[in-house]
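What follows is the residue order along each chain.
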Amino acid sequence: MHFHWLDPVAAICVALLIIKAAYDLTIKSARDLLDESLPAEELDLIRAHIRNSPPRCGASTGCGPASPDRSDSLDFHMLVDADMSVDRSHQISDRITDSIKEHYPRPP
């Protein structure tokens, strides 16, 4: 049997995998460097979603990318009643966060 062609084919496959990984890393790095954010209309929808999430404990004071290097994260500020416990406010925040993730899934 003559399998002398198998080694070059395997080397080409490995090279293609390396090129794809390099491409993916380059694209991700470029997005991070350019501070890519969610589209404005999507941010507006998420802001409205936060404002309308029960219980209506206050308006969000800000909503935007959590940091310039993470286009898949979001930071929002929520106003709650002064007499509300920290635990209760965290429960509300977690519920809103889960709802946002459910309604606005981000591709990996």
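For clarity, every value in this text was computed on a predicted model and none was experimentally measured. (Residues numbered from 1 in each chain as written. Predicted model: local features only at pLDDT ≥ 70, side-chain atom pairs only at ≥ 80, totals over all residues. Heavy atoms only, no water.)

> Before we go on, may I ask you to explain the pattern of salt bridges in this structure?
Once their charged atoms are close, side chains differing in charge can pair, the charge on each being opposite to the other. Under the defined criterion, the tally for this structure stands at two salt bridges. We note a salt bridge from lysine 20 to aspartate 24, for which the minimum N-O separation is 2.7 Å. Taken together, the residues span about one helical turn, with lysine 20 and aspartate 24 both in helix 1 (residues 6-33) at a distance of four residues. Here aspartate 24 falls in the partly exposed class, since its relative accessible area comes to 37%. Taking the shortest distance from any N to any O, the salt bridge between arginine 47 and aspartate 44 comes out at 3.1 Å. With arginine 47 and aspartate 44 both in helix 2 (residues 40-51) and three residues apart, this pair spans about one turn of that helix. (Salt bridge = Lys/Arg side-chain N within 4 Å of Asp/Glu carboxyl O. Helix = DSSP H or I, 4+ residues; strand = E, 2+ residues; numbered from the N terminus. Buried < 20%, exposed > 50% of the residue type's maximum accessible area, 1.4 Å probe, protein only.)

> Looking at this model, I keep getting lost on the nonpolar core. Mind explaining?
In a soluble, globular protein the nonpolar side chains are often hidden away together inside. Among the nonpolar cores identified, the biggest contains nine residues, and these are Leu38, Leu43, Ile46, Ile50, Phe76, Ile92, Ile96, Ile100 and Tyr104. If you list the elements that add at least two residues to this core, you get helix 2 and helix 3 (86-103). In this view, isoleucine 100 contacts Ile46, His49, Ile50 and Phe76; residues no more than four positions away in its chain are not counted. (Core = buried A, V, L, I, M, F, W, Y, C linked by side-chain atoms within 4.5 Å. Contact = heavy atoms within 4.5 Å.)

> Looking at this structure, I do not really get helix 2. What am I missing?
An α-helix turns once every 3.6 residues. As a result, residues three or four positions apart point the same way. A rise of 1.5 Å per residue sets the reference length of helix 2, with its twelve residues, at 16 Å; its end C-alpha atoms lie 16 Å apart and thus fit the reference within 8%. Taken together, the buried positions of helix 2 are occupied by Glu42, Leu43, Ile46, His49 and Ile50. Seen along its axis, helix 2 keeps its buried residues to an arc of 120°; they face one direction. The outward face of helix 2, more than 90 degrees from its buried face, is lined by the exposed residues Ala40 and Glu41. (Expected span 1.5 Å × (residues − 1). Arc of directions from axis to C-beta.)

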